[in-house]
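Structural features, examined
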Amino acid sequence: MIRKHAVVRGQVQGSGFRYYTQTEAIRRGLRGYVRDSADGSIEVEVEGDDTTVEDLIDWLKVGPTWAKVEKVEVAERLPSGRPGFHIL
């Protein structure tokens, strides 16, 4: 079980990024959250098995059709065990 924190930068707010991230995370059985940041980026905390978390991180690098992802910064965190995947 691993947990990662990602900051997605580019033209990502207003593109449905949070909704699609939640959909992709739930489809993969992951836990965590996604939210807008004041600086225009999207913040994602994701927890699950290593391969599945990395799969979602790879998806974040592309995002939904209307997003223009420029950069994804990823850091490791300690697993929290909190249930569900939420839009904050």
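Read on for an overview of the structure.

About the thresholds
- Residues numbered from 1 in each chain as written.
- Predicted model: local features only at pLDDT ≥ 70, side-chain atom pairs only at ≥ 80, totals over all residues.
- Heavy atoms only, no water.
- Axes fitted to C-alpha atoms, helices over the stretch in contact; angles between N-to-C directions.
- Helix = DSSP H or I, 4+ residues; strand = E, 2+ residues; numbered from the N terminus.
- Parallel < 35°, antiparallel > 145°, perpendicular 65-115°, else oblique.
- Left-handed = near helix turned anticlockwise from the far one by under 90°.
- Contact = heavy atoms within 4.5 Å.
- Nonpolar A, V, L, I, M, F, W, Y, C, P; charged D, E, K, R; others polar.
- Core = buried A, V, L, I, M, F, W, Y, C linked by side-chain atoms within 4.5 Å.
- Buried < 20%, exposed > 50% of the residue type's maximum accessible area, 1.4 Å probe, protein only.

Notes on the packing of helix H1 (residues 17-27) against helix H2 (residues 50-60)
- Across the interface, H1 lies against H2 with an axial gap of 11 Å and an inter-helix angle of 155 degrees. On the basis of the axis angle, H1 is roughly antiparallel to H2. Along this stretch, H1 crosses H2, giving a crossing that reads as right-handed. The residues of H2 that touch H1, namely those facing Phe-17, Tyr-20, Thr-21, Glu-24 and Ala-25, are Leu-56, Trp-59 and Leu-60.
- Here the contact of H1 with H2 is composed, by residue class, of 6 nonpolar, 1 polar and 1 charged.

Focus on the nonpolar core
- Residues Val-8, Phe-17, Ile-42, Val-44, Val-46 and Leu-60 are the most contacted members of the largest nonpolar core, which totals 18 residues.
- Contributions of two or more residues to this core are made by strand E1 (2-11), H1, strand E3 (42-48) and H2.
- No other element matches the 5 residues that H2 contributes to this core.

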